[in-house]
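# Breakdown of the fold
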Amino acid sequence: MPAISFFTESVTYNLPQKLKVKKWIKAAIEKEGFELQELNFIFCNDEYLLGINQQYLNHDTYTDIITFNNSDEEKQIVSDIFISIERVKENAKTFKTDEFDEVCRIMIHGTLHLLGYKDKGKAAKTLMTQKEDAYLGYRTDAGIVLA
């Protein structure tokens, strides 16, 4: 049975409107022609995500998100997406946006990577941002109440 799940590691975080967020993410996946199997969002702190970055990607830098595509089949979503809540909060301050908006942006960003979108290079980054903005606009369709 297809599922989107939320977990925490080394941080206390309670994502608002979980069921509506699941509906929104699932709709984005289906709109892009993919099939959801299993998608896990793991909210963590900077140090936890740094450890993953070092261990699995050989990067010694802080980041806000790491997406692991675990699917063996094309067009199927099986993934773990790790998100640093500390980075999300810092990004929200930097970009003068609501923390929930920023966590939604990061969640859809990771999901878009699974759907084949990249963010390296100017053209790819522009397309990724356009897709993020478009899908963020669809949140009200899923009944998500925005601040």
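Residues numbered from 1 in each chain as written. Predicted model: local features only at pLDDT ≥ 70, side-chain atom pairs only at ≥ 80, totals over all residues. Heavy atoms only, no water.

Below, the discussion takes up the packing of aromatic side chains. Taken as a whole and judged by the stated rule, the model has 7 aromatic pairs. Taken together, the aromatic side chains of Phe 6, Tyr 13, Phe 41 and Phe 43 make up a single cluster linked through ring pairs. (Phe/Tyr/Trp six-rings, centres within 6.5 Å; stacked < 30°, edge-to-face > 60°.)

The next thing to look at is the pattern of salt bridges. Under the counting rule described, the total for this entry stands at 6 salt bridges. The shortest N-O distance in the salt bridge between Glu 30 and Lys 26 comes to 2.5 Å. With Glu 30 and Lys 26 both in helix α1 (residues 18-31) and 4 residues apart, this pair spans about one turn of that helix. The class of Glu 30 is partly exposed, set by a relative accessible area of 44%. Looking at Lys 26, the relative accessible area reads 32%, which means it is partly exposed. (Salt bridge = Lys/Arg side-chain N within 4 Å of Asp/Glu carboxyl O. Helix = DSSP H or I, 4+ residues; strand = E, 2+ residues; numbered from the N terminus. Buried < 20%, exposed > 50% of the residue type's maximum accessible area, 1.4 Å probe, protein only.)

A few words now on the UniProt feature "binding site: Zn(2+)" (unreviewed entry) in the chain. The positions that UniProt labels "binding site: Zn(2+)" (unreviewed entry) are, in the present scheme, His 109, His 113 and Asp 119. With a relative accessible area of 9%, His 109 lands in the buried category. If we skip the residues at most four places from it in the chain, His 109 touches Ile 65, Asp 119, Met 128 and Glu 132. As for its placement among the helices and strands, His 113 is situated in helix α4 (residues 99-114). One polar contact links His 113 to His 109, side chain to side chain, over a distance of 3.1 Å. (UniProt positions renumbered as here; feature names shortened; annotations may be inferred. Contact = heavy atoms within 4.5 Å. Polar contact = N/O pair within 3.5 Å; in protein donor to acceptor, adjacent residues only side chain to side chain.)

What follows is about helix α5 (residues 122-137). Across its 16 residues, α5 extends 23 Å between first and last C-alpha, which sits within 8% of the 22 Å expected from 1.5 Å per residue. Of the residues making up α5, those classed as buried are Met 128, Glu 132, Tyr 135 and Leu 136. Taken down its axis, α5 places every buried residue within 105° of arc, on the same side. Among the exposed residues of α5, those pointing more than 90 degrees away from its buried face are Lys 122 and Ala 123. Residues of α5 that are buried sit in contact with α1 and α4. (Expected span 1.5 Å × (residues − 1). Arc of directions from axis to C-beta.)

Burial analysis of strand β2 (residues 35-44) places 7 of its 10 residues in the buried class, which makes it a mostly covered element. Direction of pairing for strand β1 (residues 3-9) relative to β2: parallel, over a ladder of 7 bridges. Directly across from Thr 8, in β2, lies its bridge partner Phe 43. In this view, the connection linking β1 to its parallel neighbour β2 by way of α1 has left-handed handedness. Note that β2 and strand β4 (residues 76-84) share 9 bridges and pair parallel. Counterpart to Cys 44 in the pairing with β4 is Ser 84. (Pairing = 2+ DSSP bridges. Right-handed = clockwise from strand over helix to strand, strands pointing away.)

Before going further, it helps to spend a moment on unusual backbone geometry. The backbone phi angle of Gln 17 is positive, close to 55°, even though this residue is not glycine. Along the chain, Gln 17 falls in the loop between β1 and α1. Although it is not a glycine, Lys 75 sits at a positive phi angle of roughly 70°. On the secondary structure map, Lys 75 appears in the loop between β3 (65-69) and β4.

Here the focus is α1. With 14 residues, α1 ought to run about 20 Å at 1.5 Å a step, and its terminal C-alpha atoms sit 20 Å apart, in line with that. Looking at α1, one finds that the buried residues are Val 21, Trp 24, Ile 25, Ala 28 and Ile 29. Angularly, the buried residues of α1 cover 135° about the axis, an arc narrow enough to put them on a single face. In this structure, α1 carries Leu 19, Lys 23 and Lys 31 as exposed residues pointing more than 90 degrees from its buried face. Where α1 is buried, its residues meet β1, β2, β4, α4 and α5.

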